[in-house]
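Topology and contacts: notes
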Amino acid sequence: MPSIPITVFTGFLGAGKTSIILSLLPQLPKDYKVVLLKNEFGDIQVDSQLAKQSSLTAVSEITNGCMCCVLVGQMKTALLEIREKYRPDRIIIECSGSAFPATLAFQIRELERETDEDLKLDAIITVIDAENFTGYEDQSPTAKMQAAYSDIIVINKWEHVSERALDIVLDHLHTLNDLTPKIRCNGRNRVDPNLLFGIDSKLFKESSPAFKNSDHHEEVETITIYKGPRHARPHTHTHSSCGPKESDDTHDSKTPVYIKEDAFRDALAAQSKDYVWRIKGFVRTVEGAYILNWAFGRFDLIPNEGDDQLGDATIRWTVMGERDEVKRAIRKLCATLSAEVI
């Protein structure tokens, strides 16, 4: 039987990895089976919910940590389970925003040897957010590593920046990785899968890592924002109020509280992107239940067609940003929505 190729998508928070992956699916043959292995920050499986609404054969999830360090080893187990259960034509791995590509690649190389190349690394793809790359590049050594160790760099959101700003981004990328092809996304289709699949990567062929980056997961702090009754509050290790300590929306009633969508959108639009980089989760508005996808000031509200993970709650989000700053930076939004950090 032919080997199962594995394509790894890396890229900093909010770069657009999920959107690009999902845009590839309609361009593939209808009988082509793809399984997505997704690594989520926190325990709110937002992008996985979107993926389940697509034509993917299956979605497997690794949550509450980064699988290239904190959850090292879980990726190999998950890949072997996917092979056994689905025998797909391709496995796509979508890493967390701070994943270090070298560690992931070495784990897959080990699987190549252990499975006699039945599972095989095809390519490491790095997605770059052209609108924000020159900002987060300075704050994240991992973002530089993602661009430096890649088979292909996909430039996303380039249409939102000026020609001069795009030239600056390209200059930075050429400095980090001069020889790697750089592809711009193209409208709704984003990228032709023929450009990303069948690469047969030569990266990281050595048997052991030449370097380590064990502290990279400390770059990003992840918190949970909640609004709703006490009985539905997720169990967490810490609790610190970000809005009113006890508000009208923190109660024991099982009747959901609804937010007016216009007021909700206005509150999100006012959120600064300086220290808060990513907000994703579920929200219940008067108009309906939505999946929120906020990244560096831009956001989408997508009607939720499946399990919203809200229960009786109104808001449940994962917020990611600069360590030791994100809680302070999210305080005003929480107060406006009568929400809290848990």
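What counts and how
- Residues numbered from 1 in each chain as written.
- Predicted model: local features only at pLDDT ≥ 70, side-chain atom pairs only at ≥ 80, totals over all residues.
- Heavy atoms only, no water.
- Phe/Tyr/Trp six-rings, centres within 6.5 Å; stacked < 30°, edge-to-face > 60°.
- Helix = DSSP H or I, 4+ residues; strand = E, 2+ residues; numbered from the N terminus.
- Buried < 20%, exposed > 50% of the residue type's maximum accessible area, 1.4 Å probe, protein only.
- Axes fitted to C-alpha atoms, helices over the stretch in contact; angles between N-to-C directions.
- Parallel < 35°, antiparallel > 145°, perpendicular 65-115°, else oblique.
- Left-handed = near helix turned anticlockwise from the far one by under 90°.
- Contact = heavy atoms within 4.5 Å.
- Nonpolar A, V, L, I, M, F, W, Y, C, P; charged D, E, K, R; others polar.
- Core = buried A, V, L, I, M, F, W, Y, C linked by side-chain atoms within 4.5 Å.
- Pairing = 2+ DSSP bridges.

If you check an unreviewed UniProt entry, the protein chain appears there as CobW/HypB/UreG, nucleotide-binding domain-containing protein from Hygrophoropsis aurantiaca.

Overview of the packing of aromatic side chains
For the structure on display, the rule yields 2 aromatic pairs. Between Phe 12 and Trp 277, the ring centres sit 5.5 Å apart and the planes meet at 55 degrees, which makes this aromatic pair tilted. In this pair, Phe 12 is assigned in the loop between strand 1 (4-10) and helix 1 (17-24) and Trp 277 in strand 9 (residues 276-285), connecting sequence segments 265 residues apart. A residue is classified by how much of its surface remains accessible, and Trp 277, at 3% relative accessible area, is buried. Seen in terms of ring centroids, Phe 264 and Trp 317 are 5.8 Å apart; in terms of plane orientation they differ by 45 degrees. Their pairing is tilted.

Quick look at the packing of helix 3 (residues 74-86) against helix 4 (residues 101-114)
For the pair helix 3 and helix 4, interaxial distance at closest approach is 10 Å and the crossing angle is 45 degrees. With respect to each other, helix 3 and helix 4 are oriented oblique. Crossing of helix 3 over helix 4 shows right-handed handedness. Taking contact as the criterion, the partners of Met 75, Lys 76, Leu 79 and Leu 80 in helix 3 are, on helix 4, Leu 104, Gln 107, Ile 108, Glu 110, Leu 111 and Glu 114. Tallied by class, the residues present in the contact of helix 3 with helix 4 amount to 6 nonpolar, 1 polar and 3 charged.

Comments concerning the nonpolar core
Formed by 26 residues in total, the largest nonpolar core has its most connected members in Ile 6, Val 8, Leu 37, Leu 79, Ile 91, Ile 93 and Ile 108. Contributing elements (two or more residues each) for this core: strand 1, strand 2 (34-39), strand 3 (58-62), helix 3, strand 4 (90-94), helix 4 and strand 5 (119-129). When residues of this core are assigned to their parent elements, the largest contribution, 6 residues, is made by helix 4. Setting aside its immediate chain neighbours within four residues, Val 8 contacts Ile 93, Cys 95, Leu 104, Ile 108, Leu 121, Ala 123, Ile 124 and Ile 125. Core analysis: the second largest hydrophobic core is formed by 25 residues, Phe 299, Ile 330, Ala 339 and Val 341 among them.

Topic: the pairing of strand 9
Most of strand 9 sits inside the fold, with 10 of its 10 residues counted as buried. Sheet topology places strand 9 next to strand 12 (residues 315-322); 7 bridges connect them, and they run antiparallel. Bridge pairing links Val 283 to Ile 315 in strand 12. Strand direction decides the pairing type here: strand 9 and strand 10 (residues 288-295), joined by 8 bridges, are antiparallel. The residue of strand 10 that forms the bridge with Arg 278 is Ala 295. Linking strand 9 to strand 10, which pair antiparallel, is a turn of 2 residues.

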